[in-house]
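The residues making up each chain are set out below.
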Amino acid sequence: MTRKEALAVAKPILFNTDRVRAIRNGTKMVTRRLIKPRYRENERGFFTATIAGQLFLCYSDEDDNETRRVKSPYQINDILYARETWAYIQYMDISGYVYKASAQAERVVRVCANKGKPLKWYPSIHMPKEAARILLRVTGVRAERLQDIQERGAGSAKQEGFINDIKIVFGTGSCACKKFSDFWNSTVKKTDLDQYGWNANPWVFVIEFERAEVSE
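Owing to the predicted nature of the structure, the values given are computational and were not obtained by experimental measurement.

What about the overall build of the protein?
Phase 1: Helices and strands together make up the secondary structure of the protein, namely five helices and ten strands.
Phase 2: With the principal axes as the frame, the protein shows a C-alpha extent of 65 × 50 × 30 Å.
Phase 3: Out of the 216 residues in the protein, the part that is buried amounts to 43%.
Phase 4: Here the contacts in the protein between residues at least 6 apart in sequence split such that 64% fall between residues at least 24 apart.
Phase 5: Accessible area for the protein stands at about 12600 Å²; split by element, carbon and sulfur atoms hold 50% of it.
Phase 6: Put simply, the protein has 36 plus and 26 minus side-chain charges, and the middle of one group is 7 Å from the middle of the other.

Section: unusual backbone geometry
Phase 1: The phi dihedral of A52 falls on the positive side, at around 55°, and the residue is not glycine.
Phase 2: Among the structural elements, A52 can be located in the loop between β3 (43–51) and β4 (54–61).
Phase 3: A positive phi angle, near 80°, is found at N77, a position not held by glycine.
Phase 4: Within the secondary structure, N77 is located in the loop between β5 (67–71) and β6 (79–83).

Examining the nonpolar core
Phase 1: F15, I35, L136 and F205 are the most contacted members of the largest nonpolar core, which totals 22 residues.
Phase 2: Looking at this core, the elements with two or more residues in it are α2 (17–24), β4, β6, β9 (135–145) and β10 (203–211).
Phase 3: If you look at the next biggest cluster of nonpolar residues, it comprises 15 residues, including L146, C177, F180 and F183.

Re the pattern of salt bridges
Phase 1: Counted according to the given criterion, the structure contains eleven salt bridges.
Phase 2: For E84, the salt bridge identified is with R133, shortest N-O distance 2.9 Å. Highlighted residues: E84 in the loop between β6 and β7 (86–91) and R133 in the loop between α3 (105–114) and β9, separated in sequence by 49 residues.
Phase 3: Relative accessible area serves as the criterion here: at 1%, E84 is assigned to the buried category.
Phase 4: One salt bridge in this structure joins R142 and E208, with 2.9 Å as the shortest N-O distance. Here E208 lies in strand β10 and R142 lies in strand β9, a separation of 66 residues in the sequence.
Phase 5: Given a relative accessible area of 18%, E208 falls into the buried group.
Phase 6: Salt bridges sharing partners connect three or more residues here, namely K28, R32, R142, E144, E160 and E208.

Here's the deal with the pairing of β10
Phase 1: Across the nine residues of β10, seven count as buried, placing the element largely inside the fold.
Phase 2: The sheet contact formed by strand β2 (residues 30–34) and β10 spans five bridges and is antiparallel. Looking across to β10, one finds that T31 is bridged to I207.
Phase 3: In this structure, β9 lies alongside β10, joined through nine bridges in antiparallel fashion. Bridge pairing in β10 links G140 to E208.

Regarding the layout of surface pockets
In this approach, a probe sized like a water molecule rolls over the atoms, and the result shows the empty space that is left.
Phase 1: Computed from the structure, the largest pocket encloses a volume of approximately 610 Å³.
Phase 2: Lining the largest pocket are 24 residues; nearest its centre among them are R32, R33, L34, W184 and T187.
Phase 3: Among the elements that make up the lining of the largest pocket, the one with the highest residue count is β2 (four residues).

Criteria and cut-off values
Residues numbered from 1 in each chain as written. Predicted model: local features only at pLDDT ≥ 70, side-chain atom pairs only at ≥ 80, totals over all residues. Heavy atoms only, no water. Helix = DSSP H or I, 4+ residues; strand = E, 2+ residues; numbered from the N terminus. Buried < 20%, exposed > 50% of the residue type's maximum accessible area, 1.4 Å probe, protein only. Contact = heavy atoms within 4.5 Å. Areas by Shrake-Rupley, 256 points an atom, 1.4 Å probe, with all protein chains shown as cover. Lys, Arg positive; Asp, Glu negative; His and termini not counted. Charge placed at Lys NZ, Arg CZ, Asp CG, Glu CD. Core = buried A, V, L, I, M, F, W, Y, C linked by side-chain atoms within 4.5 Å. Salt bridge = Lys/Arg side-chain N within 4 Å of Asp/Glu carboxyl O. Pairing = 2+ DSSP bridges. 1 Å grid on protein atoms, 1.4 Å probe; cavity = no way out; pocket = protein on both sides within 12 Å on 5 of 7 lines; lining within 4 Å. Points joined across faces, edges and corners; volume = space filled by probe spheres on them.

As far as function goes, none of this settles anything; it's purely spatial.
Below you can see the structure in the form of structure tokens.
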């Protein structure tokens, strides 16, 4: 598949700068996406089902006995393009996209400042598809409660890009799951922590992926 063909069918997925770096260095191979709206106490019987090749989280409502379904935004074999914090440079004979997660980002910022042209970063949600430099292919999808995450193994905190750096002798450091829980809470609005934070243990879609092989 060529890059052009991949981008034609690719779906966007947002990552912050730190998570982009983890993808690029090969330590992040899975992401969790919140399932909204949050279930209510009178909802029960949660299960997953594949309908017409698409994964859904299904549950029942005790008030009307209706089965409700939430479709995963990403399905196995979907091609995704990562949206990340970006900028665009156009000075004389130099033009192109720059990414905040790149190793050379700080140097570019200094060069632009020295030229009297401060670099303006744009949020990932506004990154155009043509600027995508990371293409992913979805290899697995499932639904589970947030706290079901394990320290190691498929879809684990380690594969989310976090490491266990506990020093038993010195009693310092954190396990990968603790680092993931802290990261998760940092992405949730403070006013929503009681519904979607780590302690609320919401349902999430677990999306496993690999780098997509494309040609130019």
